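Secondary and tertiary structure notes
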Amino acid sequence: MLQTLRLLEPGIAVVTNRVGDLLAHTSGFAAVTSATGLLDAEAPNLTRYVFTDPRARAFFADWTAVADEQAFDLWLGPAVENSEWFTAELAPVAGAEFTSRLNSTVVPPRGVLRLNHPGGRSLRLTRETLELAQDSQQLVVFLPADEETARVVAELHQQAAGQLRVVSATRARSVV
């Protein structure tokens, strides 16, 4: 998986698991999410960010749809560790916005992802997902949905020089 991610550099791509841990990401992903708070934690987690960080509601133009997606992904990949994590750690801090979505079995539509970058720029990204069922992981590649987004992504990438990041060697071993 890391070899594939390296080939996508400097594009916008991320490897996650079912609970939303960001296991590895490209510099393009870091540029698009810069100053949003998503990557601030030592072990970034998209699900925790969506439900507990107030900046997520501003960053995701369609926050409700993103919240539905994150909760559904937890339901889709039930495992003992997932259940323990969201029962013990996430539910108490995320509250009703999270727990009310947990039992939904309706597949949320995953259309164009609309983002409001803190720099005042709007982005529209389509998503292509490669599921790795045996590892309960997914590679998500984000593509600009229009020319304006492509221009903004290029500008953001120039401003935030970076490289592929493996968040945790321990957690990412199964990504390889």
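Nothing here was measured: the structure is a model prediction, and the numbers come from that model.

Right, let's talk about the confidence of the model for the protein for a bit. Chain-level statistics for the protein give a pLDDT mean of 84 and a share of 83% at 70 or above. Counting contacts from residues 169-176, a segment whose pLDDT is below 50, to residues more than four positions away or on other chains yields 16 contacts.

As for its placement among the helices and strands, Val19 is situated in the loop between strand S1 (12-17) and strand S2 (22-25). Along the sequence, Val19 and Gln70 sit 51 residues apart, while their C-alpha atoms lie 8.1 Å from each other.

With that settled, consider the pattern of salt bridges. Taken as a whole and judged by the stated rule, the model has 10 salt bridges. A salt bridge links Glu69 to Arg127, with the shortest nitrogen-to-oxygen separation between them at 2.8 Å. Of this pair, Glu69 sits in helix H5 (residues 63-76) while Arg127 sits in strand S4 (residues 121-132), and the two are 58 residues apart along the sequence. Residues Asp146 and Arg124 are paired through a salt bridge, measuring 3.1 Å at the closest nitrogen-oxygen approach.

Calculation criteria
- Residues numbered from 1 in each chain as written.
- Predicted model: local features only at pLDDT ≥ 70, side-chain atom pairs only at ≥ 80, totals over all residues.
- Heavy atoms only, no water.
- pLDDT = per-residue confidence, 0-100.
- Contact = heavy atoms within 4.5 Å.
- Helix = DSSP H or I, 4+ residues; strand = E, 2+ residues; numbered from the N terminus.
- Salt bridge = Lys/Arg side-chain N within 4 Å of Asp/Glu carboxyl O.

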